[in-house]
Amino acid sequence: MTTELFQVKFWGVRGSIPVSGPEFDRYGGNTSCIEIRCGQHRMIFDAGSGLREAGLSMIADGVSDVDLFFSHCHYDHIIGLPFFKAIYYPSINVTIWSGHLDGKMSTREMVEQFISPPWFPVKTDICQATMNFRDFHSGQVLSPHEGIMIKTFMLNHPGGAIGYRIEYQGRSVALIYDIEHNPGTYDPVSLEMMQGADLVVYDCTYNEDEMQRFKGFGHSTWEHGTELAKMAGAKRFALFHHAPSRTDEQLARMEEQAQAAFPEAFAARDNQTVEI
C-alpha cells in the first residue's frame, strides 16, 4: 500500500436509525460510520451500524491497528460498537478517541456504559483486543500517527458533537455532522473546517422546507451546506446523515438539486469509496 493513499469509505450514511427495504437499496440503510485510510493507517469515524461490516472487512484484510473516533454518543453513532469484531481479537490494537463529553465523562467510562448490562449482555472485559482510550477537548489538534493531523471542533448539536478535519499529504477531508445551522447565518466553525477542503462530508438530513418543523433537532440542509462549501472553496461535497425516511428516489432528486447548486456534490452511499 502506497504511503500516498488517502481514501474515504462510507460504511454507513444514514441518520437516526438504520433502515432496510427495497426503497433504500441504492444509498443504503446503515447509520454513521466512515473509514479513512492514510497510507497504511486506518481510522474509523463513528460507530453506527455500518461499523459491523467495516470490522469484518478489516479482519479479512488482516488489520492489526485501528483508531476509532466518536463525534458524539447518540444511539445512531454508537449502535455498531458491540458488533465491531476487531474489539474481540487479541491480535488487534484499538484506540478509541472522544472529546464531546470533555470534563463530564471519559472515553473509557463512555464505552463501558455502552457495553454493559442491562443494555448489552456482557461487559467490556470480554473484549480481547488491546483497548486504548484517548480523551481530548474540542480545539485540540490530534496526531494519531506520524504525518496525520486531525483538527477538532465543537459543533452545534444537542449535547455537543465533534467535527473533524483530517489533513494528510497536503490534502484534507472535513467531517461536519451532526450540526444545526441558524437560518441566515454562516457558521464560522463550518467555514473554517471546509476552507479549501478536498472533500466535505456534511449533515444534510433536511431540506430548507423541512427545517422549521425540526428546529432544535440538531441537523442541517444540503442548501446551507453547499452554500458554505462554495464560500470556503471546497472541492467536493458529500450529502450525509440521510433522514431514515428518505427513499432512494427522494435522495436521487435531492442529489440532483445539490449538484445544480454545487456540481461536485453527491449523496454518499453505503460501501462507496472516494479517493482524495
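Scroll up to find the structure.
The following paragraphs examine the structure supplied in this document. (Residues numbered from 1 in each chain as written. Predicted model: local features only at pLDDT ≥ 70, side-chain atom pairs only at ≥ 80, totals over all residues. Heavy atoms only, no water.)

## Brief notes about the pattern of salt bridges
Evaluated as defined, the whole model comprises 12 salt bridges. Glu 255 serves as the salt-bridge partner of Arg 26, at 3.8 Å between the closest nitrogen and oxygen. Within this pair, whereas Arg 26 is found in the loop between β1 (6–12) and β2 (33–38), its partner Glu 255 is found in helix α7 (residues 248–261), the two being separated by 229 residues in sequence. Here Arg 253 and Glu 249 are joined by a salt bridge, their closest N and O atoms 3.2 Å apart. Remark: Glu 249 and Arg 253 occur in helix α7; sequence separation between them is four residues, near one turn of the helix. We classify Arg 253 as partly exposed; its relative accessible area is 44%. Look at the salt bridges and you will find they share partners, linking Glu 35, Arg 37, Arg 42 and Asp 61 into a network. (Salt bridge = Lys/Arg side-chain N within 4 Å of Asp/Glu carboxyl O. Helix = DSSP H or I, 4+ residues; strand = E, 2+ residues; numbered from the N terminus. Buried < 20%, exposed > 50% of the residue type's maximum accessible area, 1.4 Å probe, protein only.)

## Digging into the pairing of β2
Where burial is concerned, most of β2 is hidden: six out of the six residues are buried. Here β2 shows two buried faces, one formed by Cys 33, Glu 35 and Arg 37 and the other by Ile 34, Ile 36 and Cys 38. Where β1 and β2 come together, six bridges link them in antiparallel fashion. For Lys 9, the partnering residue across the bridge sits in β2 and is Glu 35. Direction of pairing for β2 relative to strand β3 (residues 41–45): antiparallel, over a ladder of five bridges. Across the sheet, the residue bridging to Glu 35 is Ile 44, located in β3. Hairpin connection from β2 to β3: two residues lie between these consecutive antiparallel strands, with Gly 39 at a positive phi of about 60°. (Pairing = 2+ DSSP bridges.)

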